[in-house]
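One letter stands for each residue in the lines below.
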Amino acid sequence: MRARCLVAALLLVALGAAAPAAQESEELDAATRSALAFAGALEQFRAGTGDEAALRSAADVFGRTTGRTDAARIAAYYASLPAEARAHGLVLEQRFDALRARASGLATDEAPLRAFLDASDRAADAVPAAHAQSLFARLLARAVEDGTADAERTVEVRARALDALARFERAGMTTPTLEPLWVLGRAALTAGDAGEADRRFDELVRRAGRTGRDAWRERGLVGAIGCARERGALFRVDALLAELASFRSADSCWALAREAAVQLLVRDDVDAAERWLAAHPPVAFDAEIDRADALVEWRALLAAAALRGADAGRAERIAEELPGPIGARVRAAAALEAGRAEDALRELDGANRGGPGSRAPGEEGIDALALRGRALLRLGRTDECIEVLERARRRAQRRDSDALPGPVRASAAGEWLGLSALEALAAARAERDGALTAAAVVEATLGRTDESTAGDALLALARTTDHGAALWLVGADRTLWVHVEPDGTATHGRLELGRRDVLRAARRLRDAARATRTGPWSASDAALGASVASELLPPTLVRSLTRTKGGSLALLTRGASEEVPFELLEVGGAPLGLARALWISGPRRAPTDPAPVDGRTRWTALGAPSLEGTAFAPLPGARAELERLGDAHPAQPKLHLGADATRAAFVEALLGRAPLHVATHVVDRPGTVDRPLGGAPGRERGLVLAGGDVVTAAEIAALRPRLPLVVLAACGSADGALLDGVGPRGVAQAFLEGGTRAAIVTQWSVADGATPLGMLCLHAALAGGADPAEATRRARAALERAGAPRAEWAALRALGRP
Amino acid sequence: MTHEAAEGGGARPSVDLDDPRVVERILRYDDLDPAELAALERDPRARQLLDQLRSVDRFLHAGAPDAAPAPEELYAYGKGPGAAPSEGAHDADTRRWLAAHPEEAAWTESLEEQPPSPVFAEALAPGAPDPEVHQHRTENAASAGHERPRAIPFTPRPRRRTPAWLAWTPLAAAALLVAMALGGDGERGVMAGGLPDSPLLRSASEAPLLFPRGRVVAGDGALFAAAPVFEIAPQLRATDYRIEVRQLPIGASAFEPGRVVWTETSSAAVLIGPALEPGRYEWSARATVDGIDVDLGARSFSVVAAGSAATAAADGEVSDPTAVRADVRALHAAGFVTDARHRARALPPGEERDDYLAPPR
């Protein structure tokens with residue numbers, strides 16, 4: 001009888017229905033009742049006391065009740081076995097249950113499992129051996145992770161888990177496959193195969209969700225979050241966290257609380273991170289995932305939050321009792337923040353003097369190297385600083401190239417090296433090798449090229465402009481600027497302005513500009529712009545702008561400076577956006593850019609889609625704008641208006657070589673964005689086409705449009721979540737990263753009625769031979785002269801290079 | 001009111017609005033001699049267009065940019081970080097204007113605070129503070145004594161008394177502007193005696209932080225600033241919202257974080273804050289969604305001393321719907337959209353009120 005109960009319990013597990021405390025309770029829901037009925041029927045069938053028809057009937061009821069098909073597959077599997085094999089399987093499972101009970105403390109020797117496998121491996125019923133292989137793989141995986149088993153045994157872990165998976169699947173079972181899937185994900189991580197790990201965890205999440213096994217779903221999600229973080233897919237982390245939070249509470253799930261805190265810190269949301277951690281100490285955790293590290297992790301995160309909040313003393317106090325290399329790194333960072341660079345170096349050296357988790361100095365992680373480099377820079381040991389930070393940079397670049405292929409998800413500098421470390425490296429190189437070299441280091445790192453190519457490209461860019469090229473690299477606490485004048489002379493400086501400071505000022509300016517749609521641009525707004533100009537613009541650039549009216553310049557905004565509306569900054573009595581042709585230039589990626597657009601080229605114009613019956617308002621301004629584009633050009637554009645503004649027409653335009661003008665809505669819609677292009681976490685950004693069809697930024701990037709120029713006359717076509725080292729993830733970036741040479745875009749919302757004037761002036765200038773930056777300046781000026789508020793004209797921006 | 005009814009049903013178009021030369025004349029209406037202007041006004045479509053152009057002109061003038069000193073003059077007058085030396089002739093104008101605009105005066109007073117990190121290499125020649133500026137500051141109880149700022153040169157910008165309508169804009173663009181104006185805009189509701197529309201944007205997205213935004217009328221009583229309502233777009237599955245309001249140090253660096261003046265947590269997406277004195281503010285909000293802390297962003301707004309007409313309109317003592325509509329229109333046109341929204345709540349329930357109070361798109 002006991003054996004029967006055990007078998008019934010195992011079957012319930014196999015079907016994903018938890019064994020209820022009172023099996024006869026009338027309160028049981030229909031799913032559990034049908035699962036119990038199926039388990040009972042199967043037990044009787046395997047024991048030879050029940051018939052196949054009753055089993056299939058119970059499977060049918062279960063399938064209809066739950067929508068699941070595994071019970072029918074399980075019934076078919078056991079019906080295919082000889083009666084003796086079914087009975088022998090029952091006996092084996094009874095023995096396995098005892099083994100599983102012994103392994104509940106997760107400490108068992110391998111001999112009994114090996115003996116059981118010898119006995120069950122050739123049995124006709126594959127399920128008992130599958131359970132044994134799965135448990136064996138799980139215990140071995142843990143031993144490898146703990147360091148109590150050789151790392152080489154990861155191969156064995158994988159082989160056993162794969163064998164278990166195959167056997168369960170042969171038996172038509174789903175729920176028992178969750179354990180080997182989890183083990184396979186962990187084994188892949190141990191072997192450094194993040195792609196394989198991600199696929200296994202993803203499958204685990206999917207199957208656990210389908211079978212209602214929340215504990216396994218949690219484990220799969222925690223694994224997937226780790227994989228996403230590893231390859232810099234921050235938006236995917238957000239989406240996975242939201243899924244975990246939909247069925248787990250951070251109060252009772254440390255993994256969730258921890259990952260949410262990390263995400264807040266990654267976004268520099270320091271106050272929120274501190275509040276969050278204080279409210280969510282690790283009181284409940286999965287022993288197999290978190291073990292005793294939970295408390296250390298919690299304290300380390302608290303210390304990190306204090307550090308980012310510029311409270312080095314508090315960080316040091318929290319880190320005092322932190323063990324191992326983690327504690328040493330936190331104490332080093334706190335000492336550095338407190339201005340004690342020597343102490344920081346001592347802590348880092350101490351962390352490498354043996355003990356668990358310590359590494360030789362040459363094997364330090366990227367974060368420890370970055371800390372060491374910053375400490376050396378503080379001490380004026382420039383050469384050593386450069387040597388250490390270059391090593392960190394090379395390591396980050398290797399990790400970057402190991403990341404999953406596909407559209408840009410993260411950058412070596414933004415996610416793994418950190419812009420602060422890159423800023424420190426560039427500052428050290430500027431001191432030793434000059435400002436131009438410093439800028440080349442930044443561009444080479446962010447553009448994934450070599451310093452020589454990046455330096456040449458920067459010089460060439462500066463020479464094609466009247467006022468040169470200015471670069472800002474905004475780190476967590478400091479900003480490095482470099483100004484390369486047209487004659488190649490380069491100067492540099494460092495500002496005590498960090499990411500949060502720059503984002504704050506940028507947001508205030510953008511708010512002030514957008515508010516002009518309903519109110520004036522006040523003197524206090526202008527003073528805001530003057531303040532940003534006075535603190536951010538290099539003095540050599542200001543001198544050049546003051547000396548010479550008009551002209552062009554290139555702004556290489558790296559990090560948070562991407563958000564600054566430079567068009568609004570006033571120098572020499574006029575906003576930059578009205579007086580100067582501004583190129584906002586990203587890191588140069590494609591050496592084979594399409595040729596620049598010329599005045600004779602025939603354009604493709606698409607937009608003003610027919611939107612009847614959709615949630616989107618028709619755009620009469622966009623229609624008029626597109627219909628009249630031909631007035632500006634010698635060749636009539638190829639028009640796709642209204643019902644013809646279809647996905648097929650859009651794709652054809654993207655695959656062609658003609659410059660493209662798009663006038664429509666930009667929208668965010670719910671979606672899980674693995675590739676962070678457009679929108680915010682959990683949102684996908686795209687362009688609206690006929691019938692309300694939305695083509696997303698990710699879809700555009702996948703087509704790799706190599707156009708000479710695209711004009712995106714829609715709201716916030718360059719706006720998107722900011723990813724350090726990569727830039728804002730808007731629709732425009734999908735074109736530029738696909739290979740399009742230049743884009744004329746908007747930084748925020750624009751009015752349908754005001755935009756056409758600017759766009760027609762833009763095209764008149766382009767047809768007259770102006771380059772995109774100058775044409776954009778004329779468009780802004782035309783709107784301003786016509787009395788349009790700054791909300792309309794300052795939104796226009798030219799991205800790319802001359 | 002239909003267009004024909006406005007003209008008594010008898011007016012017939014006599015002006016060819018497809019002729020670019022006519023369009024350009026209309027756009028330059030303020031340069032026309034009275035006879036030509038009168039001739040144009042006899043045409044209903046031309047008159048409608050002229051009305052709209054005048055309405056835009058009025059809005060631009062009412063918005064103060066032409067009446068106010070140029071921003072760089074104010075900045076120089078206040079000795080802001082990096083400002084060039086101010087000129088005596090401009091200072092006299094600036095001082096008169098500041099006397100009538102206390103908010104801007106407060107700005108210039110505090111501009112003299114030393115910036116945290118000057119970056120410009122060239123310093124101004126040392127010299128004593130301008131006595132007139134000093135006297136004015138003393139009168140306004142501003143602080144004394146400051147280091148000389150470093151220079152960012154400003155050239156006074158010529159002030160524009162009337163918009164230079166399309167001085168060189170291509171005629172195709174001008175014609176388009178006319179087409180757009182005739183095709184309807186956000187002022188239609190106003191002309192019909194209703195509430196103003198928001199402009200049609202090429203987007204269907206909106207940040208979660210709704211109001212306050214832009215400029216808010218300072219004062220007490222029934223004014224919005226006396227009991228500001230912070231509105232957040234409700235977030236799916238959010239259990240609570242946390243708001244933080246910071247007052248920004250007026251005239252100091254744009255990079256300053258500001259001082260926290262109020263924080264509140266509520267399960268509702270609408271929170272009522274404490275009275276706000278004149279100044280520049282920034283509010284940020286967070287939500288707890290499925291137990292996770294989510295940043296909803298930040299938005300700036302200013303509480304400003306407005307003229308008596310705007311203050312009276314925002315004060316909301318009259319509840320007659322016609323008067324309320326007039327107040328809403330006046331506040332909206334003057335850029336006090338938050339106050340206009342606040343005032344519109346006094347309208348009787350209905351489609352018009354719901355449309356106006358709907359979250360902006």
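Everything discussed here concerns the structure shown above.
Visitor: Please explain the pairing of strand β4 (residues 238-248) of chain B as it appears in this structure.
Guide: A regular strand places its side chains on the two faces of the sheet in alternate fashion. Residues and elements named next belong to chain B. As defined by bridge partners, β4 adjoins strand β7 (residues 279-289) across ten bridges and the pair is classed as antiparallel. If you follow Ala238 over to β7, its bridge partner there is Val289. Sheet topology note: the β4/strand β5 (residues 259-266) ladder contains seven bridges and is antiparallel. When the bridges of β5 are listed, Glu244 appears paired with Thr263.

Visitor: Explain the sheet that holds strand β2 (residues 214-217) of chain B to me, please; I cannot follow it from the model alone.
Guide: Where strands meet in a sheet, backbone hydrogen bonds hold them as pairs that are either parallel or antiparallel. All names here are of chain B. Strands sit in the order β2-β8-β7-β4-β5 across an open sheet of five strands; the sheet is mixed. Of all the strands in the sheet, the pair left with one neighbour each is β2 and β5. Recorded for the sheet is a direction-independent mean angle of 30° between the axes of neighbouring strands. Here helix α13 (residues 337-344) sits on the sheet and contacts β2 and β8 (292-304); the angle it forms with β2, its principal contact strand, is near 55°.

Visitor: Can you help me understand the nonpolar core in this one?
Guide: Soluble, globular proteins show a tendency: their nonpolar side chains are buried together. The biggest cluster of nonpolar side chains holds 317 residues, and the ones touching the most others in it are A:Leu389 and A:Ala439. Ranked by the residues each element gives to this core, the list is headed by helix α7 (residues 127-146) of chain A, at eleven residues. Here A:Ala439 is in contact with A:Leu458, A:Leu471, A:Val482, A:Val484 and A:Ala490, once residues within four sequence places are set aside. In this structure, B:Val15, B:Ile26, B:Leu40 and B:Leu49 belong to the second largest nonpolar core, which totals five residues.

Visitor: When you look at the packing of helix α9 (residues 178-190) of chain A against helix α11 (residues 214-230) of chain A in this model, what are you seeing that I'm missing?
Guide: Geometrically, a packed helix pair is captured by the angle between its two axes and the distance between the axes. All names here are of chain A. Where α9 meets α11, the closest approach of the two axes is 11 Å, and the angle between their N-to-C directions is 15°. Compared by their axis directions, α9 and α11 come out roughly parallel. Judged by the twist between their axes, the crossing of α9 over α11 is left-handed. Contacts from Leu178, Trp182 and Gly185 in α9 reach Trp216, Arg219, Gly220 and Gly223 in α11. Grouping the constituent residues of the contact of α9 with α11 by class yields three nonpolar, three polar and one charged.

The rules behind each value
Residues numbered from 1 in each chain as written. Chains lettered and ligands numbered in written order. Predicted model: local features only at pLDDT ≥ 70, side-chain atom pairs only at ≥ 80, totals over all residues. Pairing = 2+ DSSP bridges. Helix = DSSP H or I, 4+ residues; strand = E, 2+ residues; numbered from the N terminus. Axes fitted to C-alpha atoms, helices over the stretch in contact; angles between N-to-C directions. Contact = placed C-beta atoms within 7 Å. Core = buried A, V, L, I, M, F, W, Y, C linked by C-beta atoms within 7 Å. Buried ≥ 20, exposed ≤ 12 C-beta atoms within 10 Å, placed from the backbone. Parallel < 35°, antiparallel > 145°, perpendicular 65-115°, else oblique. Left-handed = near helix turned anticlockwise from the far one by under 90°. Nonpolar A, V, L, I, M, F, W, Y, C, P; charged D, E, K, R; others polar.

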